[in-house]
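Remarks on the overall topology
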2 protein chains.
Amino acid sequence: MINARIHVRFKSGVLDPQGTAVKGALKQLGFENVVDVRVGKLIEVKLNVEDEKDAKDEIKSMCEKLLANPVIEDYSFELSV
Amino acid sequence: MINARIHVRFKSGVLDPQGTAVKGALKQLGFENVVDVRVGKLIEVKLNVEDEKDAKDEIKSMCEKLLANPVIEDYSFELSV
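1. A look at the overall build of chain A
- Helices and strands together make up the secondary structure of chain A, namely two helices and three strands.
- Against the 2.2 N^0.38 benchmark of 12 Å for 81 residues, chain A shows a C-alpha radius of gyration of 16 Å, more extended than a compact globule.
- In terms of its C-alpha atoms, chain A occupies a principal-axis envelope of roughly 50 × 25 × 15 Å.
- Every one of the 81 residues in chain A was classed for burial, and the buried ones make up 36%.
- Contacts spanning at least 24 positions in sequence make up 69% of the contacts within chain A whose residues lie at least 6 apart.
- Accessible surface, chain A: about 4,500 Å² in total, of which carbon and sulfur atoms supply 51%.
- With 12 positive and 14 negative side-chain charges, chain A shows a separation of 5 Å between the mean positions of the two kinds.

2. What to know about the relation of the copies chain B and chain A
- Between chain B and chain A, which share one sequence, the superposing operator has a rotation angle of 180° and an axial displacement of 0.0 Å; the RMSD is 0.0 Å. Both copies of the chain, as the preceding transformation shows, are related through a two-fold rotation axis.
- A high fraction, 100%, of the interface residues of chain B reappear at the interface in chain A, so the copies pair face to face through one surface.

3. Brief notes about the packing of helix H1 (residues 17–28) of chain A against helix H2 (residues 52–67) of chain B
- In contact at an axis separation of 11 Å, H1(A) and H2(B) are set at 105° when each is read in the N-to-C sense. Classified by the angle their axes make, H1(A) and H2(B) are roughly perpendicular. In this structure, H1(A) contributes A:Val22, A:Ala25 and A:Leu26 to the contact, and H2(B) contributes B:Met62, B:Leu66 and B:Leu67.
- Residues that form the contact of H1(A) with H2(B) fall into these classes: six nonpolar, no polar and no charged.

4. What about the interface of chain B and chain A?
- Listed as interface residues are 34 residues of chain B and, on the opposing side, 34 residues of chain A.
- For the pair chain B and chain A, the two sides together bury roughly 2,900 Å², of which 64% comes from carbon and sulfur.
- For the interface between chain B and chain A, the tally reads two salt bridges.
- One salt bridge connects A:Glu44 with B:Arg9, and the closest N-O pair in it is separated by 3.0 Å.
- The interface formed by chain B and chain A holds 15 residue pairs in polar contact (both at pLDDT 80 or more) in total.

5. Remarks on the side chain of B:Glu44
- Along the polypeptide, B:Glu44 turns up in strand E2 (residues 34–47).
- Among the polar contacts made by the side chain of B:Glu44, one reaches the side chain of A:Arg9 at a distance of 3.0 Å.

6. A short note on the sheet that holds strand E1 (residues 2–10) of chain A
- The strand order across the open sheet built from six strands is E3(A)-E1(A)-E2(A)-E2(B)-E1(B)-E3(B), with neighbouring strands paired in antiparallel fashion. Of all strands in the sheet, those bounded by a partner on one side alone are strand E3 (73–80) of chain A together with strand E3 (73–80) of chain B. With direction set aside, neighbouring strand axes in the sheet form an average angle of 25°.
- Relative to E3(A), E1(A) runs antiparallel, the two being bridged by eight bridges. The residue bridging A:His7 from the neighbouring strand is A:Ser76, located in E3(A).
- The strands touched by helix H2 (residues 52–67) of chain A are E1, strand E2 (34–47) and E3 of chain A together with E2 of chain B; relative to E3(A), the strand with the most contacts, the crossing angle is about 155°.

7. Remarks on the environment of B:Asn69
Residues and elements named next belong to chain B.
- Structurally, Asn69 is set in the loop between H2 and E3.
- For Asn69, a relative accessible area of 34% corresponds to the partly exposed category.
- Along the sequence, Asn69 and Pro17 sit 52 residues apart, while their C-alpha atoms lie 17 Å from each other.

8. Comments concerning the confidence of the model for chain A
- Predicted confidence across chain A gives a mean pLDDT of 97, with 100% of residues reaching 70 or more.
- Quick note on the complex model: pTM equals 0.93, ipTM equals 0.92.

Quick notes on the rules
- Residues numbered from 1 in each chain as written.
- Chains lettered and ligands numbered in written order.
- Predicted model: local features only at pLDDT ≥ 70, side-chain atom pairs only at ≥ 80, totals over all residues.
- Heavy atoms only, no water.
- Helix = DSSP H or I, 4+ residues; strand = E, 2+ residues; numbered from the N terminus.
- Rg over C-alpha atoms; globule rule 2.2 N^0.38 Å.
- Buried < 20%, exposed > 50% of the residue type's maximum accessible area, 1.4 Å probe, protein only.
- Contact = heavy atoms within 4.5 Å.
- Areas by Shrake-Rupley, 256 points an atom, 1.4 Å probe, with all protein chains shown as cover.
- Lys, Arg positive; Asp, Glu negative; His and termini not counted.
- Charge placed at Lys NZ, Arg CZ, Asp CG, Glu CD.
- Least-squares fit on C-alpha atoms with pLDDT ≥ 70 in both.
- Axes fitted to C-alpha atoms, helices over the stretch in contact; angles between N-to-C directions.
- Parallel < 35°, antiparallel > 145°, perpendicular 65-115°, else oblique.
- Nonpolar A, V, L, I, M, F, W, Y, C, P; charged D, E, K, R; others polar.
- Buried area = accessible area lost by both parts, 1.4 Å probe.
- Salt bridge = Lys/Arg side-chain N within 4 Å of Asp/Glu carboxyl O.
- Polar contact = N/O pair within 3.5 Å; in protein donor to acceptor, adjacent residues only side chain to side chain.
- Pairing = 2+ DSSP bridges.
- pLDDT = per-residue confidence, 0-100.

Laid out in structure tokens, this is it:
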């Protein structure tokens, strides 16, 4: 069993309205030191695969086909057993 | 300047309908090895703070006041310079 932790973020240059809203809310709460906030997705997938190389290929394919929108989003992932 | 990477997840035991939907979609796409999917939030905050201890306290406070709902969500974070 392999666990994958996938991060999906907007590409730099793509507007992130949710991040902007969170930044505004934090400032209003008094967190004056906040310079920037970006909000993305955290997707944790448990795979019934033993081989790390297979898991890597499978997760990459999932990201490209479903989990990330390659036009506006980047993804990265880490595997752990 | 310190960067914080915050993960917000549903507590175990809390239903995650988005994760269930993603799992179903992955299965339909032929990813038969998927055992479980959980979807959470990735929040990246850039802080204008030099001291790591101060940053840690500030991020903890942000999570408790705004970023996570302590009733149903857990959070964790890592700092990097």
